[in-house]
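Examination of the molecular architecture
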Amino acid sequence: MSDVESAEDADAGEDDPEWSLPDDLAAARKALIEWYEADHRAFPWRETDDPYEILVSEVMSQQTQLDRVVDAWEAFLDRWPTTADLAAADRADVVGFWTDHSLGYNNRAKYLHEAATQVETEYDGAFPTDPDGLQDLMGVGPYTANAVASFAFNAGDAVVDTNVKRVAYRAFDVPDDDAAFETAANDLMPAGESRVWNNAIMELGGVACTQTPRCDEVGCPWREWCHAYQSGDFTAPDVPTQPSFEGSRRQFRGRVIGTLREYDELAIDALGHRIRVDYAPDGEYGREWLLGLLEDLADDGLVDVDRSGDEPIARLQR
DNA sequence: ATCCGGAGAT
DNA sequence: ATCTCCGGAT
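Residues numbered from 1 in each chain as written. Chains lettered and ligands numbered in written order. Predicted model: local features only at pLDDT ≥ 70, side-chain atom pairs only at ≥ 80, totals over all residues. Heavy atoms only, no water.

**A look at helix α15 (residues 287-299)**
Here is the rule: Think of it this way: any DSSP run of H or I at least four residues long counts as a helix, any run of E at least two long counts as a strand, and we number them from the N terminus. Helices are assigned an expected span. That span is 1.5 Å times one less than the residue count. The rule is simple: take the accessible area with a 1.4 Å probe, protein chains only, and divide by the maximum for that residue type; under 20% is buried, over 50% is exposed, in between is partly exposed. For this analysis, residues touch if any pair of their heavy atoms sits within 4.5 Å.
For α15, spanning 13 residues, the distance from its first C-alpha to its last is 18 Å, which sits close to the expected 18 Å at 1.5 Å a residue. For α15, the set of buried residues is Trp289, Leu290, Leu291, Leu293, Leu294 and Leu297. The inward-facing, buried residues of α15 abut α13 (249-262), α14 (268-275), β2 (303-306) and β3 (313-316). The first or second residue beyond α15 is glycine 301, which carries a positive phi of 75°.

Below you can see the structure in the form of structure tokens.
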């Protein structure tokens, strides 16, 4: 007597997924949590539940490999231990710190500064505790909101980052589709365990289900359920290729910030010659080009341009 | 060449 | 809703 699921005609079944979670989901969850708790990388932010400290670690982690984040994270919190301290800081100092520690996108330093100000002025010094509330903070989107809600308050939904996507795609054939990933990630997560769960599944993606997988080396707890492990096909979701950094606009943005930190203020041509050797005031990469760059940086709240004199003067915004 | 989440533009 | 940009070490 075979089962025969209700006929092939029945429901609006044509879009029913060709992926599914394990039948014994409870066992798979337990295996992952036990694997994580037995051994994992000891990052310092995994030992705090202070939402500010967590937020700083998440924002830094968005652009920098974790091993290099540790030093920056400790130095940042040493300098600005609380949201009150950060909110009281000069923006230029926060951006300067970001540059000094090679943390990438300067706007994130600004966002962090702004978020601290929001917490102080709009939330009376206490972070919102749920993902929706956290998303009101500058620079906090769905990923960061769920991470902070989980790690600080154990009150998040499933985190969906590229690690989680890769795991779901390989292990359960979840299609390369944001909505599907979100559904799968939330179905996987045991209710009320967002703190340990999101740590565990991201650890899995970070050390086991890496681009070149290390299933056996690290004793992946999901081998018995993993479709990729069984088929040997470890294809990962497509990651759109990025334009090269060399010669890019953002390379020159970075040089402007770095140069203006060195000189309090700089006339536009002096600045131009310092950020690119082929600068020529009237050339293709001249005043017009540089003013456009500076205008964007000014819009981002990073640079001020004084155009009152005959030659525009740039400085870091304070 | 690769890596990434959020903002802003479209 | 989808696409482009951002920083710079690896």
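From this point on, the discussion continues.
**Description of the protein's contact with DNA strand B**
To keep it simple, the criterion reads: A single heavy atom is enough: if one lies within 4 Å of a molecule or strand, its residue is considered near that molecule or strand. We define a polar contact as two N or O atoms separated by no more than 3.5 Å, with the added condition that, inside protein, one atom must be a possible hydrogen donor and the other a possible acceptor, whereas residues neighbouring each other in sequence contribute only through side-chain atom pairs. All amino acids are sorted into three groups, where Ala, Val, Leu, Ile, Met, Phe, Trp, Tyr, Cys and Pro are nonpolar, Asp, Glu, Lys and Arg are charged, and the leftover types, Gly among them, are polar.
Within the structure, DNA strand B sits among 16 residues, and Arg108, Gly139, Thr144, Thr162 and Gln242 are positioned closest to it. Here glutamine 62 contributes a backbone N or O atom positioned 3.4 Å from a base oxygen of DNA strand B. At a separation of 2.2 Å, a base nitrogen of DNA strand B approaches a polar side-chain atom of arginine 108. Of all the secondary structure elements, the ones that give two or more residues to the surface near DNA strand B are α6 (106-122) and α8 (142-153). Element by element, the count of residues in the surface near DNA strand B is highest for α8, at 3 residues. Tallied by class, the residues present in the surface near DNA strand B amount to 7 nonpolar, 7 polar and 2 charged.

**Comments concerning the nonpolar core**
In a soluble, globular protein the nonpolar side chains are often hidden away together inside. Selection criterion: To qualify as a nonpolar core, a set must consist of buried Ala, Val, Leu, Ile, Met, Phe, Trp, Tyr and Cys residues joined through side-chain atoms within 4.5 Å. The source of the domain bounds is an automatic or database domain assignment.
In this structure, Met60, Phe76, Trp222 and Leu290 are the most contacted members of the largest nonpolar core, which totals 94 residues. Among the elements that make up this core, the one with the highest residue count is helix α11 (residues 194-208) (8 residues). Summarising the domain contributions, this core has at least three residues from each of domain 1 (21-240) and domain 2 (249-316).

**Focus on the pairing of β2**
Quick note on the threshold: A pair of strands counts as paired when DSSP detects no fewer than two bridges linking them.
Where β2 meets β3, 4 bridges bridge the pair, whose relative direction is antiparallel. Looking at the pairing, aspartate 304 lines up with arginine 315 of β3. Linking β2 back to β3 in an antiparallel pair, the connection comprises 6 residues.

**A few points about the packing of helix α2 (residues 51-61) against α8**
Just so we agree on the cut-off: Throughout, an axis means a line fitted to C-alpha atoms (over the contacting stretch in the case of helices), and angles, computed between N-to-C directions, take values from 0 to 180 degrees. Reported orientations rely on four angle classes, namely roughly parallel under 35 degrees, roughly antiparallel over 145, roughly perpendicular from 65 to 115, and oblique for the rest. With the far helix as reference, a near helix turned anticlockwise by less than a right angle produces a left-handed crossing, and one turned clockwise produces a right-handed crossing.
With their axes 9 Å apart at the nearest point, α2 and α8 run at an angle of 140° to one another. Considering their axes alone, α2 and α8 lie oblique with respect to each other. Crossing handedness for the pair α2 and α8: right-handed. Here α2 contributes Pro51, Ile54, Leu55 and Glu58 to the contact with α8, which in turn contributes Tyr143, Thr144, Ala147, Val148, Phe151, Ala152 and Phe153.

**A few points about the UniProt feature "domain: HhH-GPD" (unreviewed entry) in chain A**
Operational definition: UniProt positions are given in the numbering used here, feature names are shortened, and annotations may be inferred rather than shown by experiment.
According to UniProt, the "domain: HhH-GPD" (unreviewed entry) feature falls on residues 60-207. Each end of residues 60-207 is marked by a C-alpha atom, and these two atoms are 19 Å apart; helix forms 68% of the span and strand 0%.

**Details of the protein's contact with DNA strand C**
The environment of DNA strand C is formed by Gln63, Gln65, Arg68, Ser102, Gly104, Tyr105, Asn106, Phe245, Arg249, Arg250, Arg253 and Gly254. When the atoms of DNA strand C within 4 Å of the protein are grouped by moiety, sugar and phosphate amount to 70% of the total. The side chain of serine 102 places a nitrogen or oxygen atom 3.1 Å from a phosphate oxygen of DNA strand C. Within the contact set of DNA strand C, a base nitrogen lies 2.3 Å away from a side-chain nitrogen or oxygen of arginine 250. The element that contributes the greatest number of residues to the surface near DNA strand C is α13, accounting for 4 residues. Split by residue class, the surface near DNA strand C holds 2 nonpolar, 6 polar and 4 charged.

**As for the domain arrangement of chain A**
As a measure of interface size, the accessible area lost when the parts come together is often cited. Basically, it comes down to this: Defined here as a combined quantity, buried area equals the accessible surface (1.4 Å probe) lost by two parts on assembly, summed across both. Note on definitions: salt bridges are taken to be side-chain nitrogens of Lys or Arg within 4 Å of carboxyl oxygens of Asp or Glu.
Each assigned domain of chain A is listed here: domain 1 (21-240) and domain 2 (249-316). The interface is formed by 9 residues belonging to domain 1 together with 6 residues belonging to domain 2. Here domain 1 and domain 2 share an interface that buries about 660 Å² over both sides, 55% of which is from carbon and sulfur atoms. Where domain 1 meets domain 2, there are 1 salt bridge. A salt bridge links arginine 261 to aspartate 100; the nearest nitrogen and oxygen atoms lie 2.5 Å apart. Counting every contact that joins domain 1 to domain 2 gives 3 residue pairs in polar contact (both at pLDDT 80 or more).

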